[in-house]
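# Structure at a glance
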Amino acid sequence: MRSVVIPLITKKGELNKMLSIPFMQLGDLHISTPFKGISPSAGYMRRQELIGALKSAVEIIKSNNIPILFITGDLYENNYITQPTIVEISRLLASIPNTSVFISPGNHDYIHKRSFYTNWEWPSNVHIFTSPSVQRIDLNDVPVSIYGFAWDKPELAFPMDMKPNDASRINVAVIHADALSPSSPYLAIEPKKLMSWNMDYIALGHIHKPYAIDIHTQLRPLDTDSIQASAAYAGSTEPLNVSEYGDHGIIVGALSKNHASIRLLPIAKRRVINIDVSLTDCQTESDIKEKILTSASKSGTKNDMYSICLKGRVEAHLRDSIANIAGSITPQFFSLSIIDQTIPDYDLDYIKQQHSNDIIGKFVEYMEDEIQAAGPEQQLILRQSLYMGLEALLTQ
């Protein structure tokens, strides 16, 4: 089969609208983060897995001959990064010499006097934005211009606009900013403002969940389905804590004039599993253990990171044992976070009988009347309030 060569420039001297240039985008790796809240051995393993995620991305680039890589900030942690780790990162990026790498430092790897970004000899294919002012870098082999700037402090208000200097090229901005929270101290900027720059694509970092701003300026979660986007967050390449559920990985796609076609490619080694477990029917500590372990095994694997929320009514003596129960099963998980939202299972008739002449008995009677008069959703809230109120009154 004869290959078809698409010219970069038409006979009219305009950029060919059929031109499509492959790229990869990743960000918020937070290499060398300490992973507080998990065991030292698990933290060490996760730090190695962050380097492993970058290795996986590099292997995908090699296998698919991807010519451009955007790294949208927080590649590493300023407070914890070491020279040996920088050597590893540098060697990985040097192993893809035919890929132009663009790094836009963010709030965790911001430029400072002793920054590795400015005090290290990076490979020639790596381009790092080191100024807080907007810089432009042109690629010579394809008509693409990359705009970016560096954070120089851990918090930043949005300082400037970006406007492409040459509309005949594919113009891309690579920045670390918060387009989801208008009051954020981390370069808050609204999606409509981003779109006013008239960039063909904006590679964003800072938000740890994958999102896209589509060509209709609608913010939407990004998944494995391909979409046409004006801007996007790849999210954190690996989940960094138990709040970062869902797929994690990198963006792969193609740049064109006026948009990019992108999709999320999950490459994370581990997932965060969030599950609710009701303990209402549990009568012993063994029942609670079995309920938690069975629910976890149905939801994921031992390699995943679990956040388990315990709910339901539990006898008071069992509620006092939940912390010990959690501690006893934690070694069976790579990472386990237990949130106890259970409420005491009180014998209300007995309490009313024993406290018929004091405020506790009157409180129970009043709340029961309120629950009976309420609708289904309100009943749940009132019942929780009843048990929480009893817990406070009976422990005084």
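What you are looking at is a predicted structure, and each value in this text was computed from that prediction instead of being measured. (Residues numbered from 1 in each chain as written. Predicted model: local features only at pLDDT ≥ 70, side-chain atom pairs only at ≥ 80, totals over all residues. Heavy atoms only, no water.)

## Here's the deal with the pairing of strand S1 (residues 21–26)
- Among the 6 residues of S1, 5 are classified as buried, and the element is accordingly described as predominantly covered.
- The pairing of S1 with strand S12 (residues 249–256) spans 5 bridges and is antiparallel. Bridged to Pro22 within S12 is Ala254.
- Here 3 bridges tie S1 to strand S2 (residues 68–71), and the two strands are oriented parallel to one another. Following the sheet pairing, Leu26 is matched in S2 by Ile71. (Buried < 20%, exposed > 50% of the residue type's maximum accessible area, 1.4 Å probe, protein only. Helix = DSSP H or I, 4+ residues; strand = E, 2+ residues; numbered from the N terminus. Pairing = 2+ DSSP bridges.)

## Looking at the pattern of salt bridges
- This structure, assessed with the given rule, holds 13 salt bridges.
- Among the salt bridges present, the one from Arg46 reaches Glu49, with a minimum N-O distance of 2.5 Å. Within this pair, Arg46 and its partner Glu49 are both found in helix H1 (residues 40–64), separated by 3 residues, close to a single helical turn. Exposure class is identical for Arg46 and Glu49. Each is buried. (Salt bridge = Lys/Arg side-chain N within 4 Å of Asp/Glu carboxyl O.)

## A short note on the side chain of Arg319
- Mapping Arg319 onto the fold places it in helix H5 (residues 316–319).
- The buried category is assigned to Arg319, whose relative accessible area is 17%.
- Contacts of Arg319, omitting those with residues within four sequence positions, involve Val314, Asp340, Thr342, Ile343, Pro344 and Glu391. (Contact = heavy atoms within 4.5 Å.)

## A word on the confidence of the model for the protein
- For the protein, per-residue confidence averages 91 on the pLDDT scale, and residues scoring 70 or more make up 95% of the total.
- Counting interchain partners and residues more than four positions distant, the pLDDT-below-50 stretch residues 1–7 has 4 contacts. (pLDDT = per-residue confidence, 0-100.)

## Re the packing of helix H8 (residues 359–373) against helix H9 (residues 376–394)
- The interhelical angle for the contact between H8 and H9, taken along N-to-C directions, is 175°, at an axis separation of 9 Å. Compared by their axis directions, H8 and H9 come out roughly antiparallel. Each of Ile360, Phe363, Val364, Met367, Glu370, Ile371 and Gln372 in H8 lies in contact with H9, whose residues at this interface are Gln379, Leu382, Arg383, Ser385, Leu386, Gly389, Leu390, Leu393 and Leu394.
- For the contact of H8 with H9, the per-class residue count stands at 10 nonpolar, 4 polar and 2 charged. (Axes fitted to C-alpha atoms, helices over the stretch in contact; angles between N-to-C directions. Parallel < 35°, antiparallel > 145°, perpendicular 65-115°, else oblique. Nonpolar A, V, L, I, M, F, W, Y, C, P; charged D, E, K, R; others polar.)

## Section: the nonpolar core
- Counting residues in each nonpolar core, the largest one holds 37 residues, and the members touching the most others are Met24, Leu26, Ile31, Leu75, Ile89 and Ile103.
- The set of elements that each furnish at least two residues to this core consists of S1, H1, S2, helix H2 (83–94), strand S3 (100–103), strand S4 (126–128) and S12.
- A per-element tally of this core places H1 first, with 8 residues.
- Each residue touching Ile31, except ones within four places of it in the same chain, is listed here: Leu50, Ile51, Leu54, Leu75, Tyr76, Glu77, Ile81, Thr85 and Ile89.
- Listed in part, the 27 residues of the second largest apolar core include Phe70, Ile146, Ile170 and Ile251. (Core = buried A, V, L, I, M, F, W, Y, C linked by side-chain atoms within 4.5 Å.)

## Here's the deal with the layout of surface pockets
- Reported here for the largest pocket is a volume of approximately 340 Å³.
- What lines the largest pocket is a set of 18 residues, among which Phe35, Lys36, Leu240, Asn241 and Val242 lie closest to the centre.
- Broken down by element, the residue count for the lining of the largest pocket peaks at 3 residues, all from strand S17 (residues 335–340).
- Among the residues forming the lining of the largest pocket, the class breakdown is 8 nonpolar, 8 polar and 2 charged.
- For the second largest pocket, the calculated volume is near 260 Å³.
- What lines the second largest pocket is simply Thr280, Lys311, Gly312, Arg313, Gln341, Thr342, Ile343, Leu380, Arg383, Gln384 and Met388.
- At 4 residues, H9 tops the list of elements feeding residues into the lining of the second largest pocket.
- Of the residues that constitute the lining of the second largest pocket, the class distribution is 3 nonpolar, 5 polar and 3 charged. (1 Å grid on protein atoms, 1.4 Å probe; cavity = no way out; pocket = protein on both sides within 12 Å on 5 of 7 lines; lining within 4 Å. Points joined across faces, edges and corners; volume = space filled by probe spheres on them.)

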